[in-house]
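Each chain, written out:
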There are 2 protein chains.
Amino acid sequence: MKSTVTIKDVARELGIHHVTVSRALRDTGSVKEETKVLIKQKANELGYKPNRLAQNFRNKRSNVLAVVVPDLRPYFFAKFVSDFMETAKDAGYTVMIFQSGEKPGLEKDIIDSLIGYRVAGVVASVTKDTVQASHFEVLKEENIPYVFFDRAPKETLASQVLVNNFQGAYEAVTAMINSGKRRIAYISTHYKHQIFRDRLEGYKQALQDNDLPSDDELVVEGGFFMKDGFAHAERLMNLEEKPDGILAVRDEIGIGVIKFLKKKGIQVPNDVAVIGFDNDPMGIACEPELTTVQQSIPLMVASSFELLLVQINNGSLNFEKKIIEPKIIYRGSV
Amino acid sequence: MKSTVTIKDVARELGIHHVTVSRALRDTGSVKEETKVLIKQKANELGYKPNRLAQNFRNKRSNVLAVVVPDLRPYFFAKFVSDFMETAKDAGYTVMIFQSGEKPGLEKDIIDSLIGYRVAGVVASVTKDTVQASHFEVLKEENIPYVFFDRAPKETLASQVLVNNFQGAYEAVTAMINSGKRRIAYISTHYKHQIFRDRLEGYKQALQDNDLPSDDELVVEGGFFMKDGFAHAERLMNLEEKPDGILAVRDEIGIGVIKFLKKKGIQVPNDVAVIGFDNDPMGIACEPELTTVQQSIPLMVASSFELLLVQINNGSLNFEKKIIEPKIIYRGSV
């Protein structure tokens, strides 16, 4: 196994002091142009590779950004991360991705490790159980800017890009009411995060503003996938007073609802309207295609990157909150 | 802005030599147990954080693994990465994810940067255009083990976990022939990677083994998404001699095919059978549910991690090739 070529190896070969070699290779300090060329040629010839870890260590900051998400599998996070990398790359940044697995403990470990990696900035969406922002404070102490997107801790003074979840649910319920529905159910995951609470509030407010009663038996929760939507729909359609509209907080859940309804010969949207959240391409696979509350990922990526870059460039942390207004994508299920 | 607490700060506070403090905090060397406790308490009190970058630099290796994929959006890669992180975490490793965006140039930059980060090992699936493995050779020179999964460069002596793509396509076509189909089309992406060539060979061999002629007008390519499958299906069903079976190299394309057929009132699978690749959950959203060629992700994750770990633990690189046999998941489209 060949050992790593160091700056000292290059210096020895040329009979030049290693500090000069280092300066030439980093294009810093005063080194004569012809010496610089000579050094770079020799470094290349010997197969010298800059040790970025050591470089980062010296320079304190890198051109590396970190993105931390709870789970890479849902379309929303996979798409955000993928698009964020494209945007960051165009601006000369490399992106490292981390997945907290919805575990606050692992999220804390990741954040702690980021300090060690001397990343230039962090974009994060927190776990379903992250309420406090205290484990992010270490970033602030190290002057590493960070921006929350989609899910932020309840109390934080960091910049954040959030979706108006209240409004998304409010408009979805209103759309069903406008199409003649009067008894609308709400299916959530078992996640306790604020974004889901806000959607529930939007749902309730829309009912109230239309003089429709709120009925606890129409609000159900648990699960994340199609099968969960299927099971919830079965329970809801076995109620004495069945719903004629169902809002699901994820498209996958909404598709499960449609699958159950179709299996039972219940017409969508004539008998029961269905709306999901996320604009997951999966919603186009089902029939009728699922109407959904879209949270613009391109807008969230652009805003998150912008809020981060401002802080990196200014060398200071600041607090800015951007709210992305959701938009209903009408398809066939309402 | 508070400055970073160093080992020397802790040493100064306690009046103990900083080498002793360093040893105690890293649990190496001989330090009396009570001194160790004292040092750790003080370090904690002062808010000392180990500088992992410096640690990695000293130790040369870290407990960090890197996963490099072409694109995080397709279900296959998002799921692999997510599951790999879980497996690695259970074994005490942190995982950094990188996305090459299907660009060999960016892939090379990422690999170069990994040497700087002193990762313990790398798992990679290459871009659609990566043929040579030369830009991975730098890892070998640095004695950093790497394993390819799903997509490997054509000529490499690195360990790899591949799917028997030939067999997957062969079995899918055979399944359609067994259900009475005689004129089977093949829809691919525009990607030139070997995995797609192998699928095409499997398709052709299955036709030949069943004495069915191969017809060039039934082999089409281009695109990646539902809309592409929809458009290809439209062209295929406008042929004078229409197909009665269609194999798509991605589930999303297969779903697009089904959507077109249903729109035209063509019965699936009675008039035309459809099979996809990937076992994407999206295939359950459509109707009929899509029969698919499954490449076991849990098996690929376990094999990739195992092949990597053996090399990390032995401190040497080796060459092992694991072939994952695909399995047809029968649903409603055949």
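Computed from a predicted model, the values in this text were never measured in an experiment. (Residues numbered from 1 in each chain as written. Chains lettered and ligands numbered in written order. Predicted model: local features only at pLDDT ≥ 70, side-chain atom pairs only at ≥ 80, totals over all residues. Heavy atoms only, no water.)

Chemist: Run through the nonpolar core, naming residues and quoting values.
Modeler: Nonpolar side chains tend to gather and get buried jointly when the protein is soluble and globular. Membership of the largest hydrophobic core comes to 98 residues, with the highest contact counts inside it found for Leu247(A), Leu261(A), Leu247(B) and Leu261(B). The element that contributes the greatest number of residues to this core is helix α8 (residues 165–178) of chain B, accounting for 7 residues. Apart from residues lying up to four places away in sequence, Leu247(A) is in contact with Ala169(A), Ala172(A), Val173(A), Met176(A), Ala185(A), Tyr186(A), Ile187(A), Ile275(A) and Phe277(A). Counting residues in each nonpolar core, the second largest holds 55 residues, with Ala88(A), Val123(B), Met300(B) and Leu307(B) among its members. (Core = buried A, V, L, I, M, F, W, Y, C linked by side-chain atoms within 4.5 Å. Buried < 20%, exposed > 50% of the residue type's maximum accessible area, 1.4 Å probe, protein only. Helix = DSSP H or I, 4+ residues; strand = E, 2+ residues; numbered from the N terminus. Contact = heavy atoms within 4.5 Å.)

Chemist: Before we move on, could you go through the relation of the copies chain A and chain B and cite the residues and values that matter?
Modeler: With an RMSD of 0.5 Å, chain A superimposes on chain B once it is rotated by 179 degrees and translated 0.2 Å along the axis. Here the two chains are linked by the operation of a two-fold rotation axis. Here 100% of the contact residues of chain A are again contact residues in chain B; the copies associate through an equivalent surface. (Least-squares fit on C-alpha atoms with pLDDT ≥ 70 in both.)

Chemist: For helix α6 (residues 104–117) of chain A, give the residues involved together with the corresponding values.
Modeler: Residue and element names in this part refer to chain A. Here α6 is 14 residues long and its end C-alpha atoms lie 20 Å apart, about the 20 Å a rise of 1.5 Å per residue gives. For α6, a buried count of 10 out of 14 residues is recorded, marking the element as mostly surrounded by other parts of the structure. Turning to α6, its buried residues are Leu-106, Glu-107, Ile-110, Ile-111, Asp-112, Ser-113, Leu-114, Ile-115, Gly-116 and Tyr-117. (Expected span 1.5 Å × (residues − 1).)

Chemist: Talk me through helix α11 (residues 251–263) of chain A; I want residue IDs and the actual numbers.
Modeler: Along an α-helix, residues three or four positions apart point the same way, because every turn accommodates 3.6 residues. Residue and element names in this part refer to chain A. Compared with an ideal rise of 1.5 Å per residue, which puts 13 residues at 18 Å, α11 spans 18 Å between its outermost C-alpha atoms and is within 8% of the ideal. For α11, the tally of buried residues reaches 10 of 13 residues, placing the bulk of the element in the interior. Residues of α11 that are buried include every one of Asp-251, Glu-252, Ile-253, Gly-254, Ile-255, Gly-256, Val-257, Ile-258, Phe-260 and Leu-261, and no others. Looking one or two places after α11, you find Gly-265, whose phi comes out positive at around 75 degrees.

Chemist: Hey, could you go over the confidence of the model for chain A for me, with residue numbers and the actual values?
Modeler: For chain A, per-residue confidence averages 91 on the pLDDT scale, and 95% of positions sit at 70 or higher. Note that pLDDT drops below 50 for residues 53–59 of chain A; the model gives that stretch 19 contacts with residues more than four away or on any other chain. (pLDDT = per-residue confidence, 0-100.)

Chemist: Requested: an account of the packing of aromatic side chains, with residues and values cited.
Modeler: Summed over the entire model, instances satisfying the criterion amount to 30 aromatic pairs over all chains. When the centroid spacing of 6.0 Å and the interplanar angle of 20 degrees are considered together, the rings of Phe166(B) and Tyr170(B) count as stacked. Placement of both Phe166(B) and Tyr170(B) in helix α8 is noted, with a separation of 4 residues, approximately one turn of the helix. On the basis of relative accessible area, Phe166(B) is assigned to the partly exposed category, the value being 28%. An aromatic cluster is defined as three or more aromatic residues linked by ring pairs; in this entry it consists of Phe76(A), Phe77(A), Phe80(A), Phe84(A), Tyr93(A), Phe149(A) and Phe305(A). It is Arg199(B) that lies over the ring of Phe277(B); its NZ or CZ is 3.9 Å from the centre. Stacked on the ring of Phe224(B), the Lys or Arg Arg250(B) has its end atom at 3.9 Å from the ring centre. (Phe/Tyr/Trp six-rings, centres within 6.5 Å; stacked < 30°, edge-to-face > 60°. Lys NZ or Arg CZ within 6 Å of the ring centre and 35° of its normal.)

Chemist: Which residues make up the pairing of strand β3 (residues 121–124) of chain A, and what are the values?
Modeler: Residue and element names in this part refer to chain A. Residues Gly-121 and Val-123 point to one face of β3 and Val-122 and Ala-124 to the other, with burial holding for every one of them. With 4 bridges joining them, strand β1 (residues 64–69) and β3 adopt parallel strand pairing. In the strand pairing of β3, Val-68 is matched with Ala-124. Looking at chain direction, β3 and strand β4 (residues 146–149) are connected through 3 bridges and run parallel. Across the sheet, the residue bridging to Ala-124 is Phe-148, located in β4. (Pairing = 2+ DSSP bridges.)

Chemist: Describe the sheet that holds strand β12 (residues 327–329) of chain B, listing the residues and the values that go with them.
Modeler: Residue and element names in this part refer to chain B. A sheet is described by the order of its strands in space; here 6 strands give the open sequence β7-β6-β8-β9-β10-β12, paired in mixed fashion. Edge positions in the sheet fall to β7 (219–221) and β12, since each of these pairs with one other strand and no more. Neighbour-to-neighbour, the strand axes of the sheet open up by a mean angle of 20 degrees, direction not taken into account. When strand β6 (residues 184–188) meets strand β8 (residues 245–248), the two strands line up parallel, connected through 4 bridges. Following the sheet pairing, Ile-187 is matched in β8 by Ala-248. Relative to β6, helix α9 (residues 194–209) is tilted by about 175 degrees, and along the sheet it contacts β6, β7 and β9 (273–277). (Axes fitted to C-alpha atoms, helices over the stretch in contact; angles between N-to-C directions.)

Chemist: Can you explain the domain arrangement of chain A? Please cite residues and give values.
Modeler: According to the domain assignment, chain A contains domain 1 (7–50), domain 2 (59–163 + 297–325) and domain 3 (165–294). The C-alpha-based centres of domain 1 of chain A and domain 3 of chain A are spaced at 65 Å. (Domains from an automatic or database assignment.)

Chemist: Break down the packing of α8(B) against α9(B) for me, citing the residues and quoting the values.
Modeler: All names here are of chain B. Interhelical geometry of α8 versus α9 gives an angle of 35 degrees and a closest axis separation of 7 Å. Here the hand of the crossing between α8 and α9 comes out right-handed. Residues Asn-165, Phe-166, Ala-169, Tyr-170, Val-173, Thr-174 and Ile-177 of α8 form the contact with α9, whose own contacting residues are Ile-195, Asp-198, Arg-199, Glu-201, Gly-202, Tyr-203, Gln-205, Ala-206, Leu-207 and Asp-209. Each residue belonging to the contact of α8 with α9 can be placed in one class, and the counts come to 9 nonpolar, 4 polar and 4 charged. (Left-handed = near helix turned anticlockwise from the far one by under 90°. Nonpolar A, V, L, I, M, F, W, Y, C, P; charged D, E, K, R; others polar.)

Chemist: So what's going on with the environment of Glu34(B)? Which residues, and what values?
Modeler: All names here are of chain B. Residue position: Glu-34 is located in helix α3 (residues 33–46). We classify Glu-34 as exposed; its relative accessible area is 63%. Between the C-alpha atom of Glu-34 and that of Phe-77, which follows or precedes it by 43 residues, the distance is 49 Å.

Chemist: Explain the environment of Thr292(A) to me, and be specific about the residues and the numbers.
Modeler: Residue and element names in this part refer to chain A. Considering the arrangement of structural elements, one finds Thr-292 in strand β10 (residues 291–294). For Thr-292 and Glu-107, which are 185 residues apart along the polypeptide, the C-alpha to C-alpha distance reads 30 Å. Residues contacting Thr-292, with those up to four places away along its chain left out, are Asp-251, Ile-275, Gly-276, Phe-277, Asp-278, Asn-279, Lys-327, Ile-328, Ile-329 and Arg-331. A distance of 3.4 Å separates the side chain of Thr-292 from the backbone oxygen of Gly-276, its partner in a polar contact. (Polar contact = N/O pair within 3.5 Å; in protein donor to acceptor, adjacent residues only side chain to side chain.)

Chemist: Explain the packing of helix α5 (residues 75–90) of chain B against helix α13 (residues 297–314) of chain B to me, using residue names and the numbers behind them.
Modeler: Residue and element names in this part refer to chain B. Running from N to C, α5 and α13 cross one another at 50 degrees; their axes reach a closest spacing of 9 Å. Taken together, the axis directions place α5 and α13 in an arrangement best described as oblique. Relative to α13, the crossing made by α5 is right-handed. Listed contacts from α13 to Tyr-75, Phe-76, Lys-79, Phe-80, Asp-83, Phe-84, Thr-87 and Ala-88 of α5 are Ile-297, Met-300, Val-301, Ser-304, Phe-305 and Leu-308. (Parallel < 35°, antiparallel > 145°, perpendicular 65-115°, else oblique.)

Chemist: Give a detailed account of the environment of Arg331(B), specifying residues and quantitative values.
Modeler: Residue and element names in this part refer to chain B. Topologically, Arg-331 is positioned in the segment after β12. Between the C-alpha atom of Arg-331 and that of Glu-287, which follows or precedes it by 44 residues, the distance is 9.9 Å. Aside from chain neighbours lying at most four places away, what touches Arg-331 is Asn-279, Gly-283, Ile-284, Glu-289, Leu-290, Thr-291 and Thr-292. Here Leu-290 takes part through its backbone oxygen, which lies 2.7 Å from a polar atom of the side chain of Arg-331.

Chemist: Can you tell me about unusual backbone geometry, naming the residues and giving the values?
Modeler: Looking along the chain, the bond that leaves Glu287(A) and enters Pro288(A) is cis, with omega of 0 degrees. Looking at the secondary structure, you find Pro288(A) in the loop between α12 (282–285) and β10. The phi torsion at Asp211(A) lies on the positive side, around 55 degrees, for a residue other than glycine. Relative to the assigned elements, Asp211(A) resides in the loop between α9 (194–209) and β7 (219–221). The class of Asp211(A) is exposed, set by a relative accessible area of 71%. Even without being glycine, Glu102(B) reaches a positive phi, approximately 60 degrees.

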